[in-house]
Amino acid sequence: MNGAPGLLFPLVFALAPFAAWPQDLPSRPKPDSKVCVATVSNMSGRSALVDRLFDRLSKALRDDKINVMSMDSATTTDHKLHPTHENGEESKSKECDYILLTQIVDPKTRPFDPQSPQISIGGRVPSVDASDPLGGSSGPVYRDNLKISFALFTMDRVKPLVDTVILAQPSGSASDNLLSAMDRESNRIGYELKKR
């Protein structure tokens, strides 16, 4: 019986590293990591040139020296972003390490979704852009923000590395407004991948 405690301590100590491996910590990126970018999903009910947004996001990531693979499969239409079966199969066939999902949402169409903290000073900003067909000479037009939800997943984890929302500020040209949001998304993803 005296030998049992001495034998138990090394056994517990040897198994401790396996028990301490948390399943939600992201894996470290490899130098040649590939990011599969899914097609942008537009759930806003407003027109958006999703192909143009997808191309802008992919190009901005490539410009930031990120190895990008464009996918044909689309981002889920579910509120909570997650890779679909099609995303998973396509990213495996392209041998990607990450999947990037992007969704455009109008907060008015999903009033019961959890809201991210927002700062609003003085309410909505009017559009007085002369190129705005509803603004300019006819007076200011108040436009609501759109949310750009995006998430970055590793192939070996269910929990995303990044899961956040960008507010696309109102402007006369919705497509230009959303293009700048794609640039901001690219910056955030590039930052996250390079800091690891």
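Read on for a plain summary of the structure. (Residues numbered from 1 in each chain as written. Predicted model: local features only at pLDDT ≥ 70, side-chain atom pairs only at ≥ 80, totals over all residues. Heavy atoms only, no water.)

Looking at the side chain of E90
Phase 1 of the analysis: With respect to the helices and strands, the residue E90 is situated in helix α3 (residues 85-93).
Phase 2 of the analysis: For E90, the residues in contact, after removing those within four places along its chain, are S70, M71, D72 and S73. (Helix = DSSP H or I, 4+ residues; strand = E, 2+ residues; numbered from the N terminus. Contact = heavy atoms within 4.5 Å.)

Quick word on the state of the cysteines
Phase 1 of the analysis: As enumerated under the stated definition, the model contains 1 disulfide in all.
Phase 2 of the analysis: C36 shares a disulfide with C96; S-S distance 2.0 Å. Linking C36 and C96, the disulfide has an S-S dihedral of approximately 60° and is accordingly described as right-handed. Within this pair, whereas C36 is found in strand β1 (residues 34-39), its partner C96 is found in the loop between α3 and β4 (98-105), the two being separated by 60 residues in sequence. When sorted by exposure, C36 lands in the same class as C96, which is buried. (Disulfide = S-S within 2.5 Å. Buried < 20%, exposed > 50% of the residue type's maximum accessible area, 1.4 Å probe, protein only.)

Side note on α3
Phase 1 of the analysis: Residues of α3 that are buried: N87, G88, E90 and S91.
Phase 2 of the analysis: Looking at the buried positions of α3, the neighbouring elements they touch are β1, β3 (67-74) and β4.
Phase 3 of the analysis: Positive phi appears at E95, one or two residues downstream of α3, with a value of about 55°.

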